[in-house]
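# Observations on the three-dimensional arrangement
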Protein chains: 2
Amino acid sequence: MMQLDNTDLKLISLVQKDAKQTTKQLALQLELSNTAVYERVRKLEREGVITGYTALLDREKLGKSFVAFCHVRLARHTADNVKEFERAVVRLTEVAECYHVSGDYDYMLKIFVADMPAYRQFMVEKLTGLPHIGNTHSVFMIGGIKE
Amino acid sequence: MMQLDNTDLKLISLVQKDAKQTTKQLALQLELSNTAVYERVRKLEREGVITGYTALLDREKLGKSFVAFCHVRLARHTADNVKEFERAVVRLTEVAECYHVSGDYDYMLKIFVADMPAYRQFMVEKLTGLPHIGNTHSVFMIGGIKE
DNA sequence: GCTGAAAGTAAGTTTCG
DNA sequence: CGAAACTTACTTTCAGC
């Protein structure tokens, strides 16, 4: 693991808040020179601490404000089943996140769709059509407290 | 809701993949002029479709590769309890996300810490100290399939 | 809503202390 | 690590369609 000093951590928190800040702006807030900040950012990118930059979207404005957490249990846990399921699930555009988890279910999926009818349609037409699905359990998001 | 044409959607998907692309690069991929792309991006920002830009981090390189989903039930659901709990939970730095959800539990939290001992410490010293906590149930991430 | 050109700025490199 | 000068590239505005 790479050595990160306090300035690195502060820098990371700044670019997390707003990745579009110029080196100059960052330098001011860190009380460092332009060059120093520039090289730190490059180092963090090079070492893979910062893996990329992305735009944050308002799901409501995109008509995808309905969020569900879907727990999935596979029918049988052969290596092939697992691989096939995982390959298929990442291709579903409604699946924003997918984690292999401990507990009663094997996977937890975070699903973005427009509304409940769209969720039902997703379940019936897409999710339950995935290979080796055993059963599922859905929990719906009522509100986001921290995201 | 704002009207988004196909070009907007394509543009959104491009800046989601890499927010640091220059207008020129985006213009090439969209087969539009520099200015046209520039104005579309500004429009999406102004209308609040794009709410910001952030850096993506490698949690492992940050020493926070242990992920848990913690379900929380409150002791009693008075309006004050809910407000107090929500105010307190967002302040915990280990809590990356917090959702109010349907089902057996009231909230689902996504927790980032270094390892299992750190998780135990978080539970004992921080989470169970929050106001109005009823009980909790933790599910651990074994692996990330899509994030 | 688009294009193309011009003016303004920042990024990125280099050299030096 | 920081300052300064410099080249290159991008951003932003504007007139015009």
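First, a word on what this report is: a plain description of the structure on this page. Please read these numbers as outputs of a predicted model, since none were measured by experiment.

## Re the pairing of strand β5 (residues 133-146) of chain B
Note: strand β3 (residues 95-101) of chain A against β5(B), four bridges, orientation antiparallel. If you follow A:Tyr99 over to β5(B), its bridge partner there is B:Gly144. In this sheet, β5(B) lies alongside strand β2 (residues 66-74) of chain B in antiparallel orientation, the contact comprising seven bridges. Note on β5(B): the bridge partner recorded for B:His71 is B:His137.

## Structural notes on the protein's contact with DNA strand D
Near DNA strand D you find A:Leu32, A:Ser33, A:Thr35, A:Ala36, A:Arg40, B:Thr22, B:Thr23, B:Lys24, B:Asn34, B:Thr35 and B:Tyr38, and these make up its full shell. Restricting attention to atoms of DNA strand D within 4 Å of the protein, one finds that 81% of them are sugar or phosphate atoms. In this structure, a phosphate oxygen belonging to DNA strand D sits 2.9 Å away from a side-chain N or O atom of B:Thr23. Measuring from a phosphate oxygen of DNA strand D, one finds a side-chain N or O atom of B:Lys24 at 3.1 Å. Those elements that provide at least two residues to the surface near DNA strand D are α3 (34-46) of chain A together with α2 (23-30) and α3 (34-46) of chain B. Its residues placed into classes, the surface near DNA strand D shows three nonpolar, six polar and two charged.

## Here we look at the interface of chain B and chain A
At the interface, 51 residues of chain B touch 51 residues of chain A. When chain B packs against chain A, close to 4,700 Å² is buried across both sides, 61% of that on carbon and sulfur atoms. B:Lys110 is the salt-bridge partner of A:Glu97, the closest N and O atoms lying 3.4 Å from each other. Run the count over chain B and chain A and you get 37 residue pairs in polar contact (both at pLDDT 80 or more). Of all elements in the fold, only α1 (6-17), β1 (50-57), β2, α4 (79-89), β3 (95-101), β4 (107-113) and β5 of chain B reach the threshold of two or more residues within the side of chain B that touches chain A. Looking at side-chain class alone, the side of chain B that touches chain A contains 28 nonpolar, 11 polar and 12 charged residues.

## Side note on the protein's contact with DNA strand C
Around DNA strand C lies a shell formed by A:Thr22, A:Thr23, A:Tyr38, A:Arg42, B:Leu32, B:Ser33, B:Thr35, B:Ala36, B:Arg40 and B:Lys43. Atoms of DNA strand C within 4 Å of the protein: sugar and phosphate make up 72%, bases the balance. Side-chain polar atom of B:Ser33 to a phosphate oxygen of DNA strand C: 2.5 Å apart, as the coordinates give it. Between a phosphate oxygen of DNA strand C and a side-chain N or O atom of B:Arg40, the distance comes to 2.8 Å. Elements with a contribution of two residues or more to the surface near DNA strand C: α3 of chain A together with α3 of chain B. The element that contributes the greatest number of residues to the surface near DNA strand C is α3(B), accounting for four residues.

Criteria and thresholds
Residues numbered from 1 in each chain as written. Chains lettered and ligands numbered in written order. Predicted model: local features only at pLDDT ≥ 70, side-chain atom pairs only at ≥ 80, totals over all residues. Heavy atoms only, no water. Pairing = 2+ DSSP bridges. Helix = DSSP H or I, 4+ residues; strand = E, 2+ residues; numbered from the N terminus. Near = heavy atom within 4 Å. Polar contact = N/O pair within 3.5 Å; in protein donor to acceptor, adjacent residues only side chain to side chain. Nonpolar A, V, L, I, M, F, W, Y, C, P; charged D, E, K, R; others polar. Contact = heavy atoms within 4.5 Å. Buried area = accessible area lost by both parts, 1.4 Å probe. Salt bridge = Lys/Arg side-chain N within 4 Å of Asp/Glu carboxyl O.

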